[in-house]
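Topology and contacts: notes
For reference, the chains in residue letters:
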Amino acid sequence: MKVGILALQGDVREHAAALADLDTSSLPVRTPGDLALVDALILPGGESTTMSLLLDSSGLRQPIAERLHDGMPAFGTCAGLILLAADVLDGRPDQHSFGVIELAVRRNGYGRQVDSFETDLDIEGVAGGPLHAVFIRAPVVERVGEGVEVLATVDDRPVLCRQGPILVAAFHPELSADGRIHELFIEGS
Amino acid sequence: MLRGGVIMDVVTADQAKVAEDAGAVAVMALERVPADIRRDGGVARMSDPALIEAIKEAVTIPVMAKARIGHFAEAQVLQALGVDYVDESEVLTPADEAHHIDKWAFAVPFVCGATNLGEALRRISEGACMIRSKGEAGTGDVKEAVRHLRSILGDIGALSRADSAERYGWAKRLQAPIDLVQEVADTGHLPVPLFCAGGLATPADAALVMQLGAEAVFVGSGIFKSDDPARRARAIVEATTHYTDAEIVAKVSRGLGQAMRGEESSKVETRLADRGW
């Protein structure tokens, strides 16, 4: 399986390194041609406003939407979660998400950069003890729709969710040297 | 998460909106862009908190602001204002000729400039979370940015080929802590992201430094001192993403109007890059 990493902006290199540690090959995706070569897609952390704009100018928005509709597995972290969510609260009016996981999210819901934090998570279905998670200007999941499994929470707020082939994290699994969430994605894909 | 993005200098809330609309990953809030600081002379200080607050209100992307080198009280004020990053910047007039800010004492992350690997590692040892190659701010001349980036990345390459005994010699030459030198030698990169700043004015400038190995770019005077800031900003964002695709860089570079006029960096009176120790 070849995993694409949406490489418009954000921590692409860290995701590639996490996949390489799991002996999974990856490809940065910047054009529709790149997308055609991959079986699954990671949408990395970054600025969702920037990525949303570049999705339009690169011509990737439509083909990604079609692939997601056809069941392509996808994994969104932080800004990637926002891009996959059904409902973005207080987003910019020109910001459109793919809407393939029934979540309502609030951008920067935990506050600004200085409110970023790290914590240990217990994750349903992931063995090996708590997982260290890094939250940076993270989105808050405010509503979970039908069919969404909540795999981990912080203060009762969902931070890791799955709906069919779509996995999303409000934190940055690519920034801690722990490949278990990437493994979870690859196993489910 | 600024990697692969463009951080733009803005001096008003309206400019901040233009920057956000163009796809900036962050804005740097300041009273004067470096080109004007150069032209006006005088002492350059932290911006008015009212300006920083107005810019914070105007956009949803992160807001950075500059403190003078060594001026920890300015940094405390910026942290109290809730800026997302503090840039301890040589563009402002230094407040301390021997010491940089002890950045470990802050919760807010810092970005610092560097002209070479030793300077970068000293800033990291003081707690910087990001390094930007300094270039020569306010000139619109990319050559110093290229020099600094090549110096930092070239030395990282050479250091990673050094044997275990030579690493101590490197630490001595670089005037940098041995544990950071060991880490760079082992991993082949800085322990924090390396961005590029100082003199970038065109989409091709961004593509150049990204291909050389920068992980994101700062554009200061280059945008709002040009004919058509909104289009140029957008074009630089596109070029930073598609930096290996010359056809896209060519497409976005068309018809942008005049770039900032600029000044050759070897002819400027005050070399900002020399500030910092």
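So, here's what we can say about the structure.

Here we come to the overall build of chain A. Across its full length, chain A carries six helices and 12 strands. Whereas a compact globule of 189 residues would reach a radius of gyration of roughly 16 Å, chain A reaches 15 Å, a difference of no more than 12%. On the principal axes, the C-alpha backbone points of chain A span a range of 40 × 40 × 35 Å. Buried positions account for 54% of the 189 residues belonging to chain A. Long-range contacts, defined here as pairs at least 24 residues apart, represent 64% of the contacts in chain A between residues at least 6 apart. Element-wise, carbon and sulfur atoms account for 47% of the exposed surface of chain A, whose accessible area totals about 7,300 Å².

To continue, consider the layout of surface pockets. Space inside the largest pocket adds up to approximately 960 Å³. Every residue lining the largest pocket is counted, 34 residues in all, and those nearest its centre are Ile136(A), Leu175(A), Cys129(B), Val192(B) and Pro193(B). For the lining of the largest pocket, the elements supplying multiple residues, two or more each, are helix 1 (12–21), strand 7 (117–121) and strand 8 (131–135) of chain A together with helix 8 (178–187) of chain B. Its residues placed into classes, the lining of the largest pocket shows 23 nonpolar, five polar and six charged. Looking at the second largest pocket, its volume works out to about 340 Å³. Lining the second largest pocket are 18 residues, and of these Arg13(A), Arg30(A), Met210(B), Glu215(B) and Tyr243(B) lie nearest its centre. Of all the elements in the fold, those that place two or more residues in the lining of the second largest pocket are helix 1 of chain A together with helix 11 (229–241) of chain B.

Here Thr49(A) lies in helix 3 (residues 48–57). Ignoring any residue separated from it by four or fewer positions in sequence, one finds Thr49(A) in contact with Arg92(A), Gln95(A), Arg107(A), Glu20(B), Thr60(B) and Ile61(B).

The next thing to look at is the packing of aromatic side chains. Under the definition given, this model contains seven aromatic pairs over all chains. Between Phe135(A) and Phe171(A), the ring centres sit 5.5 Å apart and the planes meet at 50°, which makes this aromatic pair tilted. Taken together, the residues Phe135(A) in strand 8 and Phe171(A) in the loop between strand 12 (166–169) and helix 6 (180–188) connect sequence positions 36 residues apart. On the basis of relative accessibility, which here comes to 0%, the residue Phe171(A) falls in the buried class. For the pair Phe195(B) and Phe218(B), a centre-to-centre distance of 6.2 Å together with 50° between the ring planes defines the contact as tilted. Placement of the pair is Phe195(B) in strand 7 (residues 194–196) and Phe218(B) in strand 8 (residues 217–219), with a sequence separation of 23 residues.

Moving on to the sheet that holds strand 9 (residues 140–144) of chain A. Residues and elements named next belong to chain A. Strands sit in the order 5-6-9 across an open sheet of three strands; the sheet is mixed. Each end of this open sheet is capped by a strand with a single partner; those strands are strand 5 (85–89) and strand 9. Each strand of the sheet is rotated relative to its neighbour by a mean of 30°, with strand direction disregarded. Two strands pair when backbone bridges link them, and strand 5 and strand 6 (residues 101–106) are joined in this way by four bridges, in the parallel orientation. Bridge pairing links Val88 to Val105 in strand 6.

A word on the pattern of salt bridges. A side chain with one charge can pair with a side chain of the opposite charge if their charged atoms come near. This model, assessed by the stated rule, comprises 34 salt bridges over all chains. Among the ionic pairs, Asp40(B) bridges to Arg32(B), the shortest N-O distance being 3.4 Å. Judged by relative accessible area, Asp40(B) falls into the partly exposed class, the value being 40%. For Lys225(B), the salt bridge identified is with Asp36(B), shortest N-O distance 2.9 Å. Highlighted residues: Lys225(B) in the loop between helix 10 (221–224) and helix 11 and Asp36(B) in helix 2 (residues 34–40), separated in sequence by 189 residues. Assessed through its relative accessible area of 34%, Lys225(B) is described here as partly exposed. For Asp36(B), a relative accessible area of 15% corresponds to the buried category. By sharing partners, the salt bridges in this structure join Glu47(A), Arg107(A), Arg112(A), Arg137(A) and Asp84(B) into a single network.

Criteria and cut-off values
- Residues numbered from 1 in each chain as written.
- Chains lettered and ligands numbered in written order.
- Predicted model: local features only at pLDDT ≥ 70, side-chain atom pairs only at ≥ 80, totals over all residues.
- Heavy atoms only, no water.
- Helix = DSSP H or I, 4+ residues; strand = E, 2+ residues; numbered from the N terminus.
- Rg over C-alpha atoms; globule rule 2.2 N^0.38 Å.
- Buried < 20%, exposed > 50% of the residue type's maximum accessible area, 1.4 Å probe, protein only.
- Contact = heavy atoms within 4.5 Å.
- Areas by Shrake-Rupley, 256 points an atom, 1.4 Å probe, with all protein chains shown as cover.
- 1 Å grid on protein atoms, 1.4 Å probe; cavity = no way out; pocket = protein on both sides within 12 Å on 5 of 7 lines; lining within 4 Å.
- Points joined across faces, edges and corners; volume = space filled by probe spheres on them.
- Nonpolar A, V, L, I, M, F, W, Y, C, P; charged D, E, K, R; others polar.
- Phe/Tyr/Trp six-rings, centres within 6.5 Å; stacked < 30°, edge-to-face > 60°.
- Pairing = 2+ DSSP bridges.
- Axes fitted to C-alpha atoms, helices over the stretch in contact; angles between N-to-C directions.
- Salt bridge = Lys/Arg side-chain N within 4 Å of Asp/Glu carboxyl O.

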